[in-house]
Amino acid sequence: MRFPSMFSFLRKVARHAGVAAALFTFCVALLSAGNDPVSFLHGIDVSRYQREVNWEHVKDSNINFAFVKATEGDFMKDPYFDRNWELSRQHGIKRGAYHYYQPWVSVEKQVAHFKNTVTLLPGDLAPVLDVEAYASDIPDAQMRSGIRQWLTEVEKHYGVKPIIYSYQKFYDSKLRGYFPGYHFWIARYQNAEPSIHPGDKMAFWQYSEKGIVRGIDAPVDVNWFYGDLEALSAYCVPATKAVPAPATTQVMAQSN
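This is a predicted model, so every value here is computed, not measured.

*Asks:* So what about the side chain of Asp221? Which residues, and what values?
*Replies:* As for its placement among the helices and strands, Asp221 is situated in strand 9 (residues 220-225). Classification of Asp221 by relative accessible area gives buried; the value is 19%. In this structure, Asp221 is in contact with Gly43, Ile44, Asp45, Tyr189, Gln206, Ser208 and Glu209, ignoring residues within four places of it in sequence.

*Asks:* Residues and numbers for the pairing of strand 6 (residues 163-167), please.
*Replies:* In summary, the side chains of a regular strand alternate between the two faces of the sheet. Taking burial as the measure, the five residues of strand 6 include four buried ones, the bulk of the element. Direction of pairing for strand 5 (residues 128-130) relative to strand 6: parallel, over a ladder of three bridges. Each bridged residue has a counterpart across the sheet, and for Asp130 the counterpart in strand 6 is Tyr165. Chirality of the crossover, the property in question, places the unit of strand 5, helix 6 (residues 140-158) and strand 6 among those that are right-handed. Across four bridges, strand 6 lies against strand 7 (residues 183-187) in parallel orientation.

*Asks:* Before we move on, can you summarise the pattern of salt bridges with the specific residues and values?
*Replies:* Considering all chains together, one arrives at seven salt bridges under this definition. The salt bridge involving Arg89 is made with Glu86; its shortest N-O contact spans 2.6 Å. With Arg89 and Glu86 both in helix 4 (residues 81-90), this residue pair falls three residues apart, about one helical turn. Judged by its relative accessible area of 38%, Arg89 falls in the partly exposed class. We classify Glu86 as partly exposed; its relative accessible area is 30%.

*Asks:* Give a description of helix 6 that names residues and reports values.
*Replies:* Spanning 19 residues, helix 6 covers 27 Å between terminal C-alpha atoms, matching the ideal 27 Å at 1.5 Å per step. Residues of helix 6 that are buried: Met143, Arg144, Gly146, Ile147, Trp150, Leu151, Val154, His157 and Tyr158. The buried residues of helix 6 all sit within an arc of 160° when viewed along its axis, so they share a single face. Opposite the packed face of helix 6, turned more than 90 degrees from it, sit the exposed residues Ala141 and Lys156. Against the buried residues of helix 6 lie strand 4 (94-100), helix 5 (107-117), strand 5, strand 6 and helix 7 (168-175). Positive phi appears at Gly159, one or two residues downstream of helix 6, with a value of about 75°.

*Asks:* Which residues make up the packing of helix 6 against helix 7, and what are the values?
*Replies:* At their nearest, the axes of helix 6 and helix 7 sit 11 Å apart, and the two run at 105° to each other. Here helix 6 lies roughly perpendicular to helix 7, going by the angle between them. Counted together, Asp140, Met143, Arg144 and Ile147 of helix 6 and Phe170, Ser173, Lys174 and Leu175 of helix 7 form the full contact between these two elements.

*Asks:* Can you tell me about the nonpolar core, naming the residues and giving the values?
*Replies:* Ile44, Val58, Val118, Ile147, Leu175 and Phe204 are the most contacted members of the largest nonpolar core, which has 65 residues in total. In terms of residues, this core owes the most to one element, helix 6, which gives six residues. In contact with Phe204, other than residues within four places in its own chain, are Phe65, Phe67, Ile163, Phe184, Trp185, Ile186, Trp224, Phe225, Tyr226 and Leu232.

*Asks:* An account of the environment of Arg51 is requested, with residue identities and associated values reported.
*Replies:* Structurally, Arg51 is set in the loop between strand 1 (41-46) and helix 3 (55-60). The exposure class of Arg51 is exposed, given its relative accessible area of 55%. With residues up to four places along the chain from it excluded, the contact list for Arg51 reads Tyr80 and Asn84.

*Asks:* I'd like to hear about unusual backbone geometry, residue by residue, with values.
*Replies:* With glycine set apart, most residues show a phi of negative sign, and most peptide bonds adopt trans. Even without a glycine there, the phi angle at Arg51 is positive, about 55°. Although it is not a glycine, Asn62 sits at a positive phi angle of roughly 65°. Within the element layout of this structure, Asn62 appears in the loop between helix 3 and strand 2 (65-72).

*Asks:* Break down the packing of helix 5 against helix 6 for me, citing the residues and quoting the values.
*Replies:* Packing of helix 5 against helix 6 brings their axes to within 10 Å, and their N-to-C directions diverge by 35°. The crossing of helix 5 and helix 6 is right-handed. Within the contact between the two elements, helix 5 uses Val107, Glu108, Gln110, Val111, Phe114 and Lys115 and helix 6 uses Gly146, Gln149, Trp150, Glu153, Val154, His157 and Tyr158. Along the lines of polarity and charge, the residues of the contact of helix 5 with helix 6 split into six nonpolar, four polar and three charged.

*Asks:* I'd love a proper account of the confidence of the model for the chain, names of residues and values included.
*Replies:* For the chain, per-residue confidence averages 85 on the pLDDT scale, and residues scoring 70 or more make up 79% of the total. Note that residues 13-17 has pLDDT below 50 and, in this model, 12 contacts with residues that lie over four places away or in other chains. Segment residues 20-37 is flagged for pLDDT under 50; beyond a separation of four residues in sequence, or across chains, it makes 26 contacts in the model.

What counts, and at which threshold
Residue numbers here run from 1 along each chain, matching the order of that chain's written sequence. With the structure being a predicted model, the display of local features is reserved for residues of pLDDT at least 70 and the display and counting of side-chain atom pairs for 80 or more, all residues being used for whole-chain, interface and lining totals. Values reported for side chains reflect all heavy atoms of the structure, with hydrogen atoms and water molecules removed beforehand. A run of H or I in DSSP counts as a helix once it spans at least four residues, and a run of E counts as a strand once it spans at least two, with each numbered from the N terminus. Burial here depends on accessible area, computed with a 1.4 Å probe over protein chains only, as a share of the maximum for the residue type. Under 20% is buried, over 50% is exposed, and the range in between is partly exposed. Contacts are residue-level and defined by heavy atoms, with any inter-residue pair within 4.5 Å sufficient. If DSSP finds at least two bridges between two strands, the strands pair. A clockwise path from the first strand over the helix to the second, with the strands pointing away from the viewer, defines a right-handed crossover. Salt bridges are identified by distance alone: a Lys or Arg side-chain nitrogen within 4 Å of an Asp or Glu carboxyl oxygen. A helix is expected to span 1.5 Å multiplied by its residue count minus one. Each C-beta atom gives one direction from the helix axis, and the arc is the one those directions make. An axis is simply a line fitted to the C-alpha atoms; with a helix, the fit covers only the stretch in contact. Between two such axes, the angle follows the N-to-C directions and lies from 0 to 180 degrees. An angle below 35 degrees is read as roughly parallel, one above 145 as roughly antiparallel, one from 65 to 115 as roughly perpendicular, and any other as oblique. What we call a nonpolar core is a set of buried Ala, Val, Leu, Ile, Met, Phe, Trp, Tyr and Cys residues that are connected through their side-chain atoms within 4.5 Å. The sense of a crossing depends on the near helix, which, turned anticlockwise from the far helix by less than a right angle, makes the crossing left-handed and, turned clockwise, makes it right-handed. Amino acid classes used here: Ala, Val, Leu, Ile, Met, Phe, Trp, Tyr, Cys and Pro are nonpolar; Asp, Glu, Lys and Arg are charged; the rest, including Gly, are polar. Confidence of the predictor at the level of single residues is given by pLDDT, which spans 0 to 100.

Here it is in structure tokens:
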């Protein structure tokens, strides 16, 4: 069984039977296919749409990592960020924070907003820039320049290279081949893995937005990481990096 078709089958199992059944099916498929063992980790990403997550149950569902929405633009903060951020750590899930990028908003203010909201500890996953908002009045080159500025300033602050998130169509039209050296996290829900430029690198695949995970009372985005826990550590804040705590600021939480 080829991996794209295997992942397609696994995605369907996860949607209808839950993550634990999907992981079991994946292991059986690997063994029956006669392939050498290949490591993949299962993870989720959450925001206000999942509301109050029971992270103890999530951990028991073999979820290894979670990306948590922190900020959007220059003033919006996800109302569940603080809760998700702390409880995911308490239950031993590798956590990461992401920022939803708005190309029409000052890059400096977006960087400051994320830095003032998110404190990363050694071992936390690298910051993620969620790039998927269209702005018809902003040239692509200008948008990419702003993205590079955000990535550069955030890397300087946290001491780890950020990850770029997008979905396949947006990546193809706006980002493909323009960010060598960065790893991508691509959303693609068709029955195939994401397609990337030969010079780009991909670490995460968001394969469905309709995942069923114990402890979450709503559909949730589900993801694969291409590697084991040791490989995942390469995307984390190094142990020697001390990231300063954010300044106390007033931010507006999203209400819907």
